[in-house]
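Report on the structure
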Amino acid sequence: MRIIAKILQSVLINHFYKLNAGFFIFLFFLLFGVVRGGQLIEFHLGLIQAILGGPLFLLIIIILWGLYTLKCINYITKRLMEPGLSFLTCMNRLPRKQVWGWMCFVHFEVYFPVISYVIIIIAVAIKAHQYQQALIIFTANLVFYIAAVRIYFKCLQLHSIDFILLRFRFPTIQIIKPYFLYPLFFIWQERKWMLLLTKLFTLIYLYGFIQFYEPYRYDIRPMLLSIILVIAAHTTIIFQIRSFETEFLLFSRNLPISIWKRFFQMIGFYFVLLLPELLFVWKGYPLHFNVLDYSQIVFMVISLPAFFHAILYTSIMNGDEYMKIVFAILTALFFLILYDLGILLFVFVVLLALIFFYFHYYEFEKSNLVNSPKN
Amino acid sequence: MLQFEQIEKYYGNHLALQISSLQLEKGLFWLKGENGSGKTTMMKMVAGLHPFKGDILLDGISIKNSRNDFLKLVNFAEAEPIYPSFLTAKDLVEFYCSTKKASIKESIQMLKDLHIFDAYQNSVGSYSSGMLKKLSIALALVGNPQWILLDEPLITIDVAAVALVCDWINKMHQELGISFIISSHQSFQNILPFTAVIEVQNHTATIQDK
């Protein structure tokens, strides 16, 4: 029994958290990093009371939990269908109840961030005698939970995902595909839930920041710090893009495209990827930034992802190290932004990205990504 | 002339290939060797896919110093081609032709001759391995290369396509003066008039007479 738990833990659960590390860093910052230490409990109590206080807010939160469930379903079913994990179908020899139990275990582990917060919300609701809200929250999560476990179970049993009506058939894009946007098509095709959820969370976060943060004097830095969180939420996507490039775009190295062109294509790609956020922040104009300072935001939005992308060409890089280094860089940037170095900081980051790219692009080989979350 | 100078290729600590000096005049070369001997590695180095120590020069143009000019003259088809599944043959043909300054019309004609043009607008994810192989060969023949490297070009494709590809290789070599390095475990010396055989063994490559 312990061996099954160990295998499921290593091939499904740990992989899930590695793959979504950027997303969880973003959530962690959002829930625990934006409030001063002393006000943390008050902040969360206020948040929970807001959830319990109005049906609209409660509905939004339930929808977000539903989306997270879809993210889990999408990941687990895709993973179960990977040829390398086909050995897991041997679990079908176990009694049905046991397989159900193991799938419950898997979902419990990937759904744990929600479960832990839900328990606190229900406890607060019961203490405040808001039994109806507690029941709604409990029932909604129970339905999500059972639905997810049932889908995993079916997927494992049939070794197919065709039965899932929720197989989210997004339209296939039939348009001209410029080379620099290949990663975007890949993300849309293969990681669409990751992309959509990242966008949803970052836009909600930016909306919240612009709507509720009222500076007492003009200062660009809070906006830049917010953008750091937006980039943090995209780091997993960046890693996925590098893995895709290594796996599927190797053929393009045989084509006569200059290193400069390749670099600016990468910059162009990240500009397009983060265009929704770049446009959305205009909602905060002129309270949070002026036209001149917008250039700082643009430079930051293209320089940081380009830098994170470029460091993945170095020979020591793998998934775990990447997340540690990204976290360290974001923390350092957090303090550098407080020093208000202006656009120079991001020009420097672009230059660093260029140096890494120039010297490592052609030197990189696939074997360096052996420990990546996708592999 | 294709020159290999002080080539060393390691995978981790494992020496895969070491060529202190090798010169290939224009011609049709059959690249032979056991599985894992380094044939694909050698081709991928020339095609710019693998980093290595040393240098490779084509008529004096170094892959290290003038990569773009070098790659304009070298085309490559992998043994097991991998393309993003969402791309169509049309996307790939247009991309290759724009970078290699080649004629799309000619590429389309090749796909028609190989009987895969019906799937021109389909994503390559829906292609069989034979269709994918045919597409990769057609892409390796576009533009104005001086050298074309084909890694196991005859596996997975049907008999008619084998004859057609060999015919193209012959014509391109004789009429346009394009040189080929073709790796294969199958003997097809009777079909193609090879200039010489390149034998890869004991982590190095040597030219042998036919």
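Calculation rules
- Residues numbered from 1 in each chain as written.
- Chains lettered and ligands numbered in written order.
- Predicted model: local features only at pLDDT ≥ 70, side-chain atom pairs only at ≥ 80, totals over all residues.
- Helix = DSSP H or I, 4+ residues; strand = E, 2+ residues; numbered from the N terminus.
- Rg over C-alpha atoms; globule rule 2.2 N^0.38 Å.
- Contact = placed C-beta atoms within 7 Å.
- Buried ≥ 20, exposed ≤ 12 C-beta atoms within 10 Å, placed from the backbone.
- Arc of directions from axis to C-beta.
- Core = buried A, V, L, I, M, F, W, Y, C linked by C-beta atoms within 7 Å.
- Axes fitted to C-alpha atoms, helices over the stretch in contact; angles between N-to-C directions.
- Parallel < 35°, antiparallel > 145°, perpendicular 65-115°, else oblique.
- Left-handed = near helix turned anticlockwise from the far one by under 90°.
- Nonpolar A, V, L, I, M, F, W, Y, C, P; charged D, E, K, R; others polar.
- Pairing = 2+ DSSP bridges.
- Domains from an automatic or database assignment.

The next subject is the overall build of chain B. Across its full length, chain B carries six helices and ten strands. Here the C-alpha radius of gyration of chain B, 17 Å, is about what a compact globule of 210 residues would show, namely 17 Å. C-alpha extents for chain B along the principal axes are approximately 45 × 35 × 35 Å. Within chain B, contacts between residues separated by at least 24 positions form 67% of all contacts whose residues are at least 6 apart in sequence.

Residues and elements named next belong to chain B. Listed as buried for helix H4 (residues 104–113) are Ser107, Met110 and Leu111. Axial view of H4: buried residues confined to an arc of 100°, hence all on one face. Where H4 is buried, its residues meet helix H3 (89–100) and helix H5 (129–140). Just beyond H4, the residue with positive phi is His115, at close to 60°.

It is worth spelling out the nonpolar core at this point. All names here are of chain B. Ranked by internal contacts, the top residues of the largest apolar core, which has 59 residues, are Val74, Leu135, Leu149 and Ile181. Looking at which element gives the most residues to this core, the answer is H5, with seven residues. Every residue in contact with Leu149, bar those within four places of it in the chain, is listed here: Met43, Val46, Ala47, Val74, Phe76 and Ile181.

Bringing the packing of helix H4 (residues 55–80) of chain A against helix H9 (residues 192–212) of chain A into the picture now. Residues and elements named next belong to chain A. As a packed pair, H4 and H9 sit with axes 10 Å apart at the nearest point and diverge in direction by 155°. Our classification of the angle between H4 and H9 gives roughly antiparallel. Note that H4 runs across H9; the crossing there is left-handed. Side by side, H4 and H9 meet where Leu67, Leu70, Lys71 and Asn74 of the first sit next to Trp193, Leu197 and Leu200 of the second. Classifying every residue of the contact of H4 with H9 by side-chain character gives five nonpolar, one polar and one charged.

Turning our eyes to something else, we now look at the sheet that holds strand E5 (residues 61–62) of chain B. All names here are of chain B. Pairing is antiparallel in the open sheet, where four strands are placed in the order E2-E1-E4-E5. A single partner strand is all that each edge strand has here, and the edge strands are strand E2 (14–24) and E5. As paired elements, strand E1 (residues 2–11) and E2 share nine bridges and run antiparallel to each other. Pairing of Phe4 across the sheet is with Leu22, part of E2.

Moving on, we get to the interface of chain B and chain A. At the junction of the two partners, chain B supplies 19 residues and chain A supplies 19 residues. Of all the elements in the fold, those that place two or more residues in the side of chain B that touches chain A are helix H2 (67–72) and H3 of chain B. For the side of chain B that touches chain A, the element with the highest residue contribution is H3(B), accounting for four residues. Grouping the constituent residues of the side of chain B that touches chain A by class yields twelve nonpolar, four polar and three charged.

All names here are of chain B. Taking strand neighbours across the sheet as the criterion, the six strands line up as E6-E7-E8-E3-E9-E10 in an open arrangement whose pairing is mixed. Each end of this open sheet is capped by a strand with a single partner; those strands are strand E6 (74–77) and strand E10 (204–208). Pairs of neighbouring strands in the sheet enclose a mean axial angle of 20°, with direction left out of account. In terms of strand pairing, strand E3 (residues 28–33) meets strand E9 (residues 196–201) through five bridges, oriented parallel. Bridging across to E9, Lys32 finds its partner in Glu199. Seen against the sheet, helix H1 (residues 39–46) touches E3, E6, strand E7 (147–151), strand E8 (179–183), E9 and E10 and runs at an angle of roughly 145° to E7.

All names here are of chain A. Here chain A is described as being made up of domain 1 (2–158) and domain 2 (179–369). Using only C-alpha atoms to locate each centre, domain 1 and domain 2 end up separated by 28 Å. Contact residues are listed per partner, giving 14 residues for domain 1 and 15 residues for domain 2. Counting residues per element, the ones that place at least two in the side of domain 1 that touches domain 2 are helix H1 (2–19), helix H2 (21–33) and H4.

Let us now look at the packing of helix H8 (residues 182–190) of chain A against helix H10 (residues 221–248) of chain A. Residues and elements named next belong to chain A. Where H8 meets H10, the closest approach of the two axes is 10 Å, and the angle between their N-to-C directions is 110°. Overall, the two elements H8 and H10 adopt an arrangement that is roughly perpendicular. The two elements H8 and H10 meet at a crossing, and its hand is right-handed. When H8 is examined against H10, the residues Pro183, Phe186 and Ile187 are found in contact with a partner set consisting of Ile237, Gln240, Ile241, Phe244 and Glu245. Counted by class, the contact of H8 with H10 contains six nonpolar, one polar and one charged residues.

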